[in-house]
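Examination of the molecular architecture
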Amino acid sequence: MFAFILRRTIQSVIVLFVMSLLVFCMINLVGDPVDMLVNPESLPDEIERVRRDFGLDQPVYSQYWHFLKGALSGDLGKSYVFGRPALALMAERFPATLELAFCALIIAVTIGLPLGIYAGLRPDGFATRIMMGMSVLGISIPTFWLGLMMIILFSVILGWLPVSGRGDIGVFLGIESSIFTMDGLRHLIMPATNLALFKIAMVMRLARAGTSEVMAQDFIRFARAQGLPRKRIIKSHLLPNILIPIVTVIGIEFGTLIAFATVTESIFSWPGLGKLVIDAIINLDRPVVVAYLLFVVALFLTLNLIVDIIYAALDPRVRLQGDDT
Amino acid sequence: MTISNFKRRVLIIGLVFGILSPAAHLSADTLRVGLAAEPTSVDPHYHNLTINNSMATQVFDALVLQDVNQNLVPGLAVSWAPVGETTWEFKLRSGVTFHNGAAFTAKDVVATMKRAADVPNSPSSFGTFIKGKTFEIVDDLTLRVSTKKPNPFVPNDLSRVAIIDSAFADATTEDFNTGKAAFGTGPFKFAGWLPGDALTLTKNAGYWGQAVDWESVVIKPIKDGTTRTAALISGDVDFIERVAPSDLPNLEKRNGILVYKSVSNRLLYMTLHMTNDPVKPYVTDNSDNPIPSPFQDIRLRQAVSMAINREAISDRVMDGLSAPAGQFSPEGYIGYSPNLSADDYNPEKAKELMAEAGFEDGFKLTIHGPAGRYSNDTRILEAIAQMLSRVGIDTTVETMPASVFFKRFSRGGPNKTPEFTVAMSGYANGSGEPSHPLRIFIHTKQKDRGYGPGNRNGYSNAEVDKLIEDGRAMMDIAKGEAAFIKATEMSMQEYALVPIHHELATWASSDAVTYEHGALDSTFIHNIRNK
């Protein structure tokens, strides 16, 4: 186990390094940040000053060397636009994105799982057909359009929920989050649902597939023959068996929720990472873009590692590579 | 159903309804505003960016202020006048205090200028307005500013620099963002900033000018246009800027909502290349052989201008939110010439002009522009391409993100020369001085003197250059403006660039408030009034 984790960690570092090289070189091919930063009314020497101060007058390899030196000591550079360390900016925005992704995940599982199991148990039912039809919609309707429709329905027409932004922040067990206040929840519910819709459909389909597969197996038949109540069969025999694939997928999906909540965050003006990085891309704020991409790579590498470990723990048949050395 | 089960259900239902009940409105003294952009810092000297500057005017004052049409009005200086060829004297306002209680004197001005010229890590500093000026304290309330050469625009330059308390001359940008140093003399006090979420201001009861109507203001960045409209209609905010054009007709019809529109000083223009240089074959004859830019001939430039149907662009592309333009300034604005107007749509005349110049069979052209930078920019370019094709210039459009466009636009060609033969871009005069667009776009490019940094098509007219330079050296501002208007007329008649339209700036609010607006498309919170 230890050898496995060590090997994977070393691989991760190499992947991160290659990724940083790629990202750094490619982003340097796009435009010139000075055009986006310096006010056009400035005198020419101001443009030169900014170029010099931000090290943009240096060749790419020496800029990269400078970045690498900083990165090894945990400094991914300063945002051109905000003048503050890129990592600090991201750390500031991270809690907002995390709570959004977390709530979306909870919504996806609490709605998607029961519906999917129901659909798996009654594959030909009328309700099942409607649900599966809806899930196709959930997967294919663009998030931004649905977000706007939700705003129009719940905020403009019904006036129930606030349109945008993050609400009041409460503290519970030392964690600051808008989950802990009523105002915060009111702000959270719409963007979280919007973000969750795709995932609800996905969890539903996974659960349905798992259910119809497991229900046909011998141990379920034996349990039925034994006369166990239906509830008990679902709870103790069906659920644990369909959960394994769902847990693995959800682990990775949690990563995508954090990394790619951009569209939802933009529509609901949610002050999270996605909004930060979109602005950084538009303004060519290179250090923030690079730091963000490296963060996303690191996030997925970590999640993959954790999923592999959990998977091994859940299913004794899976042996981790390097386990036997 | 057991009792505990029942209780739990009641609790859940209560919770759901609690969450869903409409928001209790904040107190009537609080104004909530939804803006399309967010400042990058509260430090007024960190970043010369439109949104930063308009936010800074809420908390800070400059010596000279600009009204909504960029006319100069007294700020922390009550009067100013030249006292010699190269020196200005400013009489400062007495009895003004900063939000922290410190008294305002000439010392604060000098300390401000020293700091503002060189803020570390600034992505676009205020040095442009300060460098080359010497500040001399005569007494507590009198200040002299000297320049090396006569400079009639010292008051304009100083209207751009927010004055801070000299006690914070060494404060960092972070000190301003956290509020430790954010003390100005402006109509509002800084109360807090959560980046991405909200900027909060409170009333400065001791303001020297007209007091604001609000005890506090919450400013939220809402970048998506439709979301902004929804936030206004649902009552989340009381005031928004930049209404999405598609939402405007609905908002105008809606009860309880007021819409404000004014022709802004944001100009959309095209540059047509006037030298032999461009190597990239963006112009070819009809059998695809590269040809030198035909726009060296004024008749071709005029033909392009007459081939463009500006009214149709305004009607069908801009939803009425643009006004056809024939010069940099909109009417009623500094530097405006009553003798210039937008060319009328006249495709027949355009064809005649082309035939006269030997292009009766037309040619092929690629035009370039940014996508998503200006309102409807891509659609405008496509409309123009169709219009040009109709008079025989077979035109294709190539757009790209602004970050890519501006680099290629200014130096994408060989030896860092401009790359495009014909490109569309935008301009808004931030300084409020009439020579500004002439210095940047019209004067012959002379890098070391700061002339012509935006002159990308090689336009050069010695007579126009002289008018611009002379005007910029006249301490008599009225005489100077006459020279600038003459230079504007001459260069526009030669199509130094082809103006398309001025964008209309839009705002909307609940009918409980009113807004005073002008040619600037920024939003000035202190002009939002309680009815």
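Refer to the structure printed above.
Reading the values: the criteria
Residues numbered from 1 in each chain as written. Chains lettered and ligands numbered in written order. Predicted model: local features only at pLDDT ≥ 70, side-chain atom pairs only at ≥ 80, totals over all residues. Heavy atoms only, no water. Buried < 20%, exposed > 50% of the residue type's maximum accessible area, 1.4 Å probe, protein only. Helix = DSSP H or I, 4+ residues; strand = E, 2+ residues; numbered from the N terminus. Pairing = 2+ DSSP bridges. Contact = heavy atoms within 4.5 Å. Axes fitted to C-alpha atoms, helices over the stretch in contact; angles between N-to-C directions. Lys, Arg positive; Asp, Glu negative; His and termini not counted. Salt bridge = Lys/Arg side-chain N within 4 Å of Asp/Glu carboxyl O. Polar contact = N/O pair within 3.5 Å; in protein donor to acceptor, adjacent residues only side chain to side chain. Patch = residues over 30% accessible without salt bridge, like charges linked within 9 Å, V, L, I, M, F, W, Y side chains within 5 Å. Areas by Shrake-Rupley, 256 points an atom, 1.4 Å probe, with all protein chains shown as cover. Core = buried A, V, L, I, M, F, W, Y, C linked by side-chain atoms within 4.5 Å. Phe/Tyr/Trp six-rings, centres within 6.5 Å; stacked < 30°, edge-to-face > 60°. Lys NZ or Arg CZ within 6 Å of the ring centre and 35° of its normal.

Right, let's get into the pairing of strand S7 (residues 142–147) of chain B. Residue and element names in this part refer to chain B. The buried fraction of S7 amounts to five of the six residues, a majority that puts the element mostly inside the structure. Where strand S5 (residues 87–92) and S7 come together, five bridges link them in antiparallel fashion. What sits directly across from Glu89, in S7, is Arg144. With six bridges connecting them, strand S6 (residues 133–139) and S7 associate as antiparallel partners. Each residue of the ladder has a partner; that of Asp139, found in S7, is Thr142. In textbook terms, the turn of a hairpin is the stretch between consecutive antiparallel strands, and for S6 and S7 this stretch comprises two residues.

The next subject is the environment of B:Tyr374. All names here are of chain B. Structurally, Tyr374 can be placed in the loop between strand S15 (363–371) and helix H12 (377–390). Between the alpha carbons of Tyr374 and Leu267 there is a distance of 9.9 Å; along the sequence they are 107 residues apart. In this structure Tyr374 touches Arg266, Leu268, Phe406, Ser425, Gly426 and Glu503, once residues within four positions along its chain are discounted.

On to the sheet that holds S6(B), then. Strand pairing in a sheet takes place through backbone hydrogen bonds and is either antiparallel or parallel in direction. Residue and element names in this part refer to chain B. One open sheet accounts for four strands, arranged S4-S5-S7-S6; its pairing is antiparallel. Both outer strands of the open sheet, strand S4 (77–82) and S6, are each paired with one neighbouring strand and no more. Geometrically, the sheet is characterised by an average inter-axis angle of 20 degrees between neighbouring strands, direction not taken into account. The strands that helix H3 (residues 106–116) touches are S5, S6 and S7; relative to S6, the one it contacts most, it runs at about 165 degrees.

Quick look at the side chain of B:Asp165 now. Residues and elements named next belong to chain B. Looking at the element boundaries, Asp165 is found in the loop between helix H5 (154–158) and helix H6 (173–177). For the buried Asp165, no salt bridge exists, and the shortest N-O distance to an oppositely charged side chain is 7.3 Å, to Lys107. Polar contacts involving the side chain of Asp165 include one to the side chain of Asn100, which spans 2.9 Å. Apart from the residues within four sequence positions on either side, Asp165 is in contact with Phe98, Asn100, Ala102, Asp108 and Phe183.

To continue, consider helix H7 (residues 225–233) of chain B. All names here are of chain B. Most of H7 is tucked away: seven of the nine residues are buried. For H7, the complete set of buried residues consists of Gly225, Thr227, Arg228, Thr229, Ala230, Ala231 and Leu232. Near the N-terminus of H7, the side chain that reaches the backbone nitrogen of Thr226, with its oxygen 3.2 Å away, is that of Asp224. Gly235 sits one or two residues past H7 and shows a positive phi near 85 degrees.

Among the surface-exposed residues, A:Phe2, A:Leu6, A:Ile10, A:Ile14, A:Phe17, A:Val18, A:Leu22, A:Met26, A:Leu29 and A:Val30 lie close enough to one another that they form a single nonpolar patch of about 1000 Å² accessible area. Mapped onto the secondary structure, A:Val18 falls in helix H1 (residues 2–27).

A word on the nonpolar core. Nonpolar side chains tend to gather and get buried jointly when the protein is soluble and globular. Among the nonpolar cores identified, the biggest contains 69 residues, and B:Met270, B:Ile308, B:Ile313, B:Phe328, B:Leu365, B:Ile384 and B:Ile442 are the most heavily contacted of them. It is H12(B) that contributes the most residues to this core, seven residues altogether.

Residue and element names in this part refer to chain B. In this structure the tally under the stated criterion is 27 aromatic pairs over all chains. Both rings, one in Tyr260 and one in Tyr515, keep their centres 6.0 Å apart while their planes meet at 75 degrees; by these two values the pair is edge-to-face. Placement of Tyr260 in strand S12 (residues 257–272) and of Tyr515 in strand S19 (residues 513–515) is noted, with a sequence separation of 255 residues between them. The same class applies to Tyr260 as to Tyr515, namely buried. Seen in terms of ring centroids, Phe405 and Phe406 are 5.1 Å apart; in terms of plane orientation they differ by 80 degrees. Their pairing is edge-to-face. Across from the ring centre of Trp208, 3.8 Å away, lies the NZ or CZ of Arg93, which sits over that ring.

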